[in-house]
Structure formats: structure tokens, C-alpha cells
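# Coordinate inspection notes
Residue strings, one per chain:
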Amino acid sequence: MKQLKSLPPWLDRMLILVAGVAVYVVVTAVFSAVRINAYWARVLDQGLIMALGSLGLSLIYGFTGQFSLGHAGFYAIGAYVGGFVGATYGKGSMAWFVIAILAGTVITGFIAFLLGLPILRLRSDYLGIATLGFGIIVKVLLDNADRVIPSLGGARGMTGTPQIANFTWIFWSFWLVFFLYRNLVCSSFGRACLAIREDEIAADAMGINTTFYKTVAFVLGCATVGLAGVLYAHRYPFLHPTSFDFLKAFDFLLIVVVGGLGSLSGTIATALGWVFLLEGLRFVLGETFLDFRGVIYALLLIVVIILRPQGLFSGRELGILVPRSVQSGWVRGVPPVQAGGERDASPGD
Amino acid sequence: MVYFFEQFLNGLQLGFVYALIALGYTMVYGIIRLINFAHGDVFMVGAYIGYFGFAIWHLPYPLCILISILVCAPLGVIIERIAYRPLRYAPRIAALISAIGVSFFLEYFCSLKFVFGPNYRVVPRALPLREWNLGGVNISNIQIIVILVVLGMLALIQYIIFRTRTGKAMRAVSFDHDAARLMGINVDYVISFTFGLGSALAAAGGVLYVTAYPQVFPFMGILPGLKAFVAAVLGGIGIVPGAVLGALIMGQVDVMSAGYISSQLRDVIAFSILILVLLVRPTGLLGKRGPEKV
């Protein structure tokens with residue numbers, strides 16, 4: 001371990017990428033060895049896409065403390081922009097897939113910027129409600145989008161996006177964003193975000209430009225879920241506005257909270273676990289008890305949050321995610337459960 | 001002009017139903033700072049009980065409202081006891097996640113075949129429809145009943161909050177938990193009471209809702225719940241008159257935008273108004289901005 005602790009900084013920064021190559025090789029090798037069926041491969045891709053989108057909310061809410069319930073709206077914007085580019089111009093060419101990814105990510109980020117500038121002045125619950133409203137507006141507009149652009153399909157749903165996002169694309173998109181996020185939250189940017197989450201006014205008083213950091217974190221997080229949306233559109237052949245309503249925003253929120261605020265590893269593990277749990281329940285319950293899936297899921301959610309109100313990882317990270325230089329543990333940000341008081345602070349405090 | 005007045009009456013009816021639900025949100029928020037996402041589903045249970053009352057058990061209409069209240073008030077108390085009380089001193093977001101869990105639970109549990117079943121059900125008329133014509137404007141007995149019942153309940157709430165000992169305790173707890181406890185107020189009881197009261201209002205709202213809009217299904221609580229919640233925020237969450245004001249505005253916006261602009265886009269209009277109001281008054285129309293402190 002002593003050897004590890006004295007890694008040169010550049011290698012420390014790249015460690016995640018090296019680990020990514022290893023994970024990718026192992027997973028693909030296992031896949032081809034056991035001939036995983038298409039269904040579970042699809043579930044794994046869905047898990048990675050959810051993990052990618054959740055990372056975005058983790059940055060916005062888990063690290064910067066900006067309560068957003070509109071995440072599904074940005075997911076939808078990414079999916080529909082990417083899907084539109086892919087279906088109209090792409091027709092399956094890889095160059096256009098890359099353009100669709102860029103377009104979806106950048107446009108989502110830009111809309112997040114336009115919305116974030118005025119709206120991020122709101123605090124805690126009010127911010128959550130305003131973003132919730134934005135998510136619903138996006139959903140209703142998509143429901144009626146076919147009046148303006150017929151190929152978006154409106155409430156009938158959108159089809160025709162070429163299905164060219166395979167495991168390799170999804171895995172590496174996810175892993176590159178993960179790599180970026182890990183270095184981001186361990187930088188001075190990440191520390192500024194944590195300071196804002198812990199106490200915005202105090203951070204302001206310490207000379208942190210809170211508007212700048214809040215806006216950048218919001219735009220980055222939303223662009224990330226936009227990217228997840230583009231991948232979703234190129235992996236699952238049918239887009240429908242109801243897949244992006246505010247219940248989807250709840251999914252992202254509960255993944256981030258149950259994973260533990262301020263923990264990338266918690267977010268990723270919970271996102272993957274969440275997707276596999278929901279699909280796994282289908283098999284465990286079988287045809288006759290399928291109706292109980294929602295009930296069991298709801299009860300599980302309540303029990304887990306009562307047993308671990310601070311989240312499963314509660315601000316801790318896997319060792320590899322923490323730079324050697326700072327392993328003393330500043331990332332363990334979420335304060336312990338306090339007895340009494342603290343009700344006036346923003347959610348998650 | 002006649003069309004406008006008829007729309008106005010419809011908006012009033014819808015707004016008053018929203019007001020009943022919004023009061024539950026706002027009281028709970030005022031007392032434990034929790035967005036109780038399960039409230040819309042308590043409203044759904046209340047609607048079902050009312051529907052069973054007059055459509056299947058053929059009970060007189062006031063009795064249906066009463067039974068619905070008697071079922072839902074304990075339901076609200078039990079939800080608080082099981083899902084929120086263990087999290088009272090946890091981070092606030094944990095209770096919110098628990099509320100989402102309870103909301104999912106009620107929806108999926110009620111969708112089970114041996115509970116309410118997953119299907120839409122058409123609700124027969126609870127009362128024979130009668131309409132009067134006042135200067136060209138049609139007023140139905142249902143509109144009058146909805147408005148009268150809600151006004152009665154609002155008066156009752158006003159009385160409970162401002163004229164009774166429990167109401168005084170509620171106001172004290174909402175002001176400061178710890179100080180209230182030091183003054184000898186049973187905080188747990190007050191919170192339970194608030195949940196019971198809010199759920200009772202939601203139940204009555206549910207019965208009135210299915211009387212006016214005759215359809216029930218297990219996910220029916222989501223949208224009215226959300227609208228009522230938005231209404232509470234619009235008026236300033238935690239403030240009782242604010243919830244009623246917000247709900248009346250929300251009802252008018254809903255009905256007027258459906259009547260004059262587009263029924264598909266009415267949610268867009270409603271939520272755009274919400275965002276604009278929040279940008280101008282970040283704590284709602286009647287909300288007071290407290291001093292910011294570290």
C-alpha cells in the first residue's frame with residue numbers, strides 16, 4: 001500500500017481510466033464466455049445509462065446541494081434531440097451518431113444554462129418545485145410535439161432511431177464521464193461545490209462565487225443526463241413522453257439519495273442495483289405474482305431509507321476514487337445524523 | 001360572457017377541491033417541513049371509499065363523506081407513525097424519499113386485484129343532477145354542494161387552528177419544535193393530529209372530486225395531488241390562507257386555459273405561472289421571507 005500512496009499525480013488522475021480498461025475487458029470476456037442473453041445485456045446497458053444520468057444529479061444535488069426534481073426533463077431533451085438527429089440524418093452512420101451525442105449533450109446543457117440562470121436563485125424545496133414544473137412542461141410539450149415536428153411522434157411515441165449504441169459505446173461514455181467527475185469533485189471546483197452544499201451563505205462569505213459554481217454544476221449535470229438520453233434513444237427503439245415524466249425524476253432522486261449524497265460510488269452502485277433489482281423481481285415473482293413487484297419495491301425503498309437515512313454509502317467513496325494525496329477523507333462530506341434541530345436547513349443537510 | 005361565467009364556476013369548483021388537498025400539504029409542511037408526496041394517494045383512497053359508499057353500498061351521500069374521512073384520517077396517522085416518525089431527526093431528504101416510497105406503495109397496493117384493481121371505473125352519479133339557470137348561466141347542484149362543503153370545512157379548519165388548544169399547539173410546533181416541547185406540548189401527538197386532519201380533508205376532497213369528475217383509478221391521486229401541492233407552493237407553503245388562495249388560482253388557470261387556449265397545454269400554462277411567480281416571489285404569494293442566516 002505504501003507503494004500506492006506515492007503514485008505520481010498524473011498516474012493517480014489516470015487510475016480510473018486504467019481501471020476502466022480492466023473492467024471493460026473482464027466484462028466483455030465474461031459476456032462472451034457465458035453467452036449472456038440479449039435480455040440481460042440490455043438490462044446491463046440500461047443500468048449503465050441510469051448510472052450515467054444519476055451521476056449528473058449526484059453532481060447537482062449530492063455534491064452541490066441544488067435540489068432538482070426536473071432531471072427527467074433533461075433526460076427527455078437529450079433523448080429526443082439525439083433521437084431526432086439519429087432518425088432524420090443519421091440512418092445508422094457512426095459519424096452521425098457522434099454528432100447526435102454532441103448535439104444532445106450540448107443542447108441539453110444549453111437549455112439547462114438558460115433555465116439555471118434565473119432559477120438557481122431559489123432555495124431548497126422551492127428550487128425542487130420549480131424544476132419539477134420544468135420537467136412537467138417538457139413532458140407536456142413532447143406530448144404535443146408532433147404538431148410542430150411530426151417525426152417526434154408526440155403522444156404516440158417516437159420510433160425510427162437507429163439502434164447503434166452497443167455495450168462498448170455505453171460503457172465508455174459512462175466511464176469517461178465517471179473519470180471526469182471523479183477528478184472534478186476532487187479538485188478545487190468540487191470543494192467549492194461541497195462548500196455551497198454545506199452552507200451557501202458561508203461559502204459566499206468565504207469568497208466562493210456561488211452563482212458560478214451552482215450554474216456550472218447544474219449545466220454539467222444536466223448535460224450528462226442529456227448524454228444518457230441520447231444513448232437511451234439509440235439503444236431502445238421506442239421513445240415515449242411518459243418514460244420521462246416526473247416519476248422518472250423521482251427515480252434519479254431516490255438513486256442519488258439512497259446511494260448516499262456526495263458519493264460517486266454510492267450513486268453508481270445504487271443505479272446498477274436498482275435496475276437489476278427491478279428486473280430481477282420480474283423473474284423471482286414469476287407471472288402470477290408480477291403485480292406485487294411495485295408493492296415489494298415500495299416497501300423495500302421505505303425499509304432501506306429508514307434503516308440507512310444517510311444513504312447506503314453515506315458520503316464514502318471506494319478507495320480508488322480518492323486521490324492518494326487527500327485520502328485523509330474530506331470526501332466523507334455528509335455530516336452524521338444529528339439529534340434534534342437542523343430542520344430549517346436545505347434538504348440533505 | 002355566459003361562457004366565461006360558466007367556466008369561472010367550473011374553475012371555482014375545481015379550485016375548492018384543490019384547496020382541500022392543498023391544506024393537507026401545507027399543514028404537514030408547516031409542521032415538519034416535509035413534502036408529503038403520499039398525500040395525493042390518501043386522496044385517491046378517499047375517492048375510492050366514497051365511490052364504494054354511494055355506488056356499491058348505496059349509503060346516503062353525507063355518510064359517504066364521513067366514512068371516507070373515518071378511513072383516511074387513521075391511514076394518515078399510520079403512515080406518519082410507520083414511515084416518517086423514524087426519520088424525524090434524519091436528514092430531511094430521507095423523509096421525502098420515504099414519502100415517495102409510501103406513495104408508490106399505496107398506488108401499487110391499491111392496484112392489486114384483491115384491493116381496488118388496476119382498472120378505471122366509471123362512477124355513477126352520487127346525486128341526481130339538477131341545474132338551475134341564472135341569467136343564462138347554468139349552475140348545477142353538484143357545484144353548489146362542492147362549494148358549500150369545502151367552505152364548511154375551511155371554516156372548521158380555521159376554527160381548529162385558531163380557536164382550540166390543539167390548534168394553538170399546532171401553531172407552536174410549527175414555529176419551533178424544541179421550544180414547543182419544552183413548553184410541555186406533546187409534539188408527537190400534535191404531528192399525528194396534523195396528519196389525521198390533513199388526511200381527513202384529502203378524503204373529503206376525494207369524495208367531492210369523484211362526485212364532480214366521475215372516474216376512479218389507483219393512480220388518480222398523482223395529478224390532482226401535484227396540482228394541489230403546486231397550489232400550496234404558489235400561495236406560500238406552510239401558510240393556510242395561502243393554500244386556499246393558490247388553489248383557487250390554480251383551479252381558474254386549469255379551467256380557463258382549457259376553455260380558452262388549449263386543454264393539452266393547460267399544465268404547461270399552470271407550471272409556467274408557478275415558475276414565474278416563484279422567480280418574482282421566491283416564497284410564494286403570501287410567503288414571508290425570513291432573514292437569511294448562517
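Residues numbered from 1 in each chain as written. Chains lettered and ligands numbered in written order. Predicted model: local features only at pLDDT ≥ 70, side-chain atom pairs only at ≥ 80, totals over all residues.

### What to know about the overall build of chain A
In terms of helices and strands, chain A carries 13 helices and 0 strands. Scanning chain A from its N terminus toward the C terminus, one meets helices and strands in the order α-α-α-α-α-α-α-α-α-α-α-α-α. A total of 349 residues make up chain A; the buried ones form 51% of that total. Of all intrachain contacts in chain A linking residues separated by at least 6 positions in sequence, the fraction that spans at least 24 positions is 79%. (Helix = DSSP H or I, 4+ residues; strand = E, 2+ residues; numbered from the N terminus. Buried ≥ 20, exposed ≤ 12 C-beta atoms within 10 Å, placed from the backbone. Contact = placed C-beta atoms within 7 Å.)

### Focus on the overall build of chain B
Along its length, chain B carries 11 helices and 4 strands. Computed over its C-alpha atoms, the radius of gyration of chain B comes to 19 Å, within 12% of the 19 Å expected for a compact globule of 294 residues. C-alpha extents for chain B along the principal axes are approximately 60 × 45 × 35 Å. In chain B, buried positions account for 51% of the 294 residues. The long-range share in chain B, meaning contacts at least 24 apart out of those at least 6 apart in sequence, stands at 73%. (Rg over C-alpha atoms; globule rule 2.2 N^0.38 Å.)

### As for unusual backbone geometry
One can expect most non-glycine residues to show negative phi and most peptide bonds to be in trans. All names here are of chain B. A positive phi angle is found at Arg33, which is not glycine, with a value near 55°. With respect to the secondary-structure elements, Arg33 resides in the loop between helix 1 (2-32) and helix 2 (39-56). In the Ramachandran plot, His58 falls in the positive-phi region, its phi being about 55° despite a non-glycine side chain. As for its position among the elements, His58 is in the loop between helix 2 and helix 3 (61-84).

### Brief notes about the environment of Phe52 of chain B
All names here are of chain B. Tracing the backbone shows Phe52 in helix 2. Judged by C-beta crowding, with 17 C-beta atoms within 10 Å, Phe52 ranks as partly exposed. Along the primary structure Phe52 and Val77 are separated by 25 residues, whereas in three dimensions their C-alpha atoms are 22 Å apart.

### Focus on the interface of chain A and chain B
Between chain A and chain B, the residue contacts involve 43 residues of the former and 42 residues of the latter. Sorting the residues of the side of chain A that touches chain B by element identifies helix 6 (124-143), helix 9 (200-205), helix 11 (246-259) and helix 13 (293-307) of chain A as the ones contributing at least two each. Among the residues forming the side of chain A that touches chain B, the class breakdown is 28 nonpolar, 8 polar and 7 charged. (Nonpolar A, V, L, I, M, F, W, Y, C, P; charged D, E, K, R; others polar.)

### As for the nonpolar core
Residue and element names in this part refer to chain B. In terms of nonpolar packing, the biggest core is built from 207 residues, with Ala19, Ala22 and Ala204 touching the most fellow members. When residues of this core are assigned to their parent elements, the largest contribution, 15 residues, is made by helix 1. If sequence neighbours within four positions are ignored, Ala19 has contacts with Val150, Ala243, Val244, Ala247 and Leu248. (Core = buried A, V, L, I, M, F, W, Y, C linked by C-beta atoms within 7 Å.)

### So, the packing of helix 4 (residues 71-90) of chain A against helix 10 (residues 210-233) of chain A
Residue and element names in this part refer to chain A. Where helix 4 contacts helix 10, the two axes come as close as 7 Å, and the packing angle between them is 45°. As summarised for this structure, helix 4 and helix 10 are arranged oblique, according to the angle between their axes. Both helix 4 and helix 10 take part in a crossing whose hand is right-handed. Residues His71, Phe74, Tyr75, Ala76, Ile77, Gly78, Ala79, Gly82, Gly83 and Gly86 of helix 4 form the contact with helix 10, whose participating residues are Cys222, Val225, Gly226, Leu227, Ala228, Gly229, Val230, Tyr232 and Ala233. Here the contact of helix 4 with helix 10 is built from residues that sort into 12 nonpolar, 7 polar and no charged. (Axes fitted to C-alpha atoms, helices over the stretch in contact; angles between N-to-C directions. Parallel < 35°, antiparallel > 145°, perpendicular 65-115°, else oblique. Left-handed = near helix turned anticlockwise from the far one by under 90°.)

### Structural notes on the pairing of strand 2 (residues 131-134) of chain B
Residue and element names in this part refer to chain B. With 4 bridges connecting them, strand 2 and strand 3 (residues 137-140) associate as antiparallel partners. Within strand 3, the residue paired with Leu134 across the bridge is Val137. Where strand 2 folds back onto strand 3 in an antiparallel hairpin, the turn is made up of 2 residues, including Gly135, whose phi is positive at roughly 55°. (Pairing = 2+ DSSP bridges.)

### As for the environment of Ala192 of chain A
Residue and element names in this part refer to chain A. Relative to the helices and strands, Ala192 resides in helix 8 (residues 188-198). C-alpha separation for the pair Ala192 and Phe63, spaced 129 residues apart in sequence, amounts to 9.5 Å. Here Ala192 is in contact with Ile208 and Tyr213, once residues within four sequence places are set aside.

### Considering the confidence of the model for chain A
All names here are of chain A. Residue-level pLDDT values for chain A average 85, and 90% of them are 70 or greater. Mean pLDDT across the secondary structure elements of chain A bottoms out at helix 1 (residues 2-5), with 47, and peaks at helix 10, with 95. Per-residue pLDDT stays below 50 along residues 328-349; that stretch engages in 42 contacts with residues further than four places along the chain or on separate chains. (pLDDT = per-residue confidence, 0-100.)

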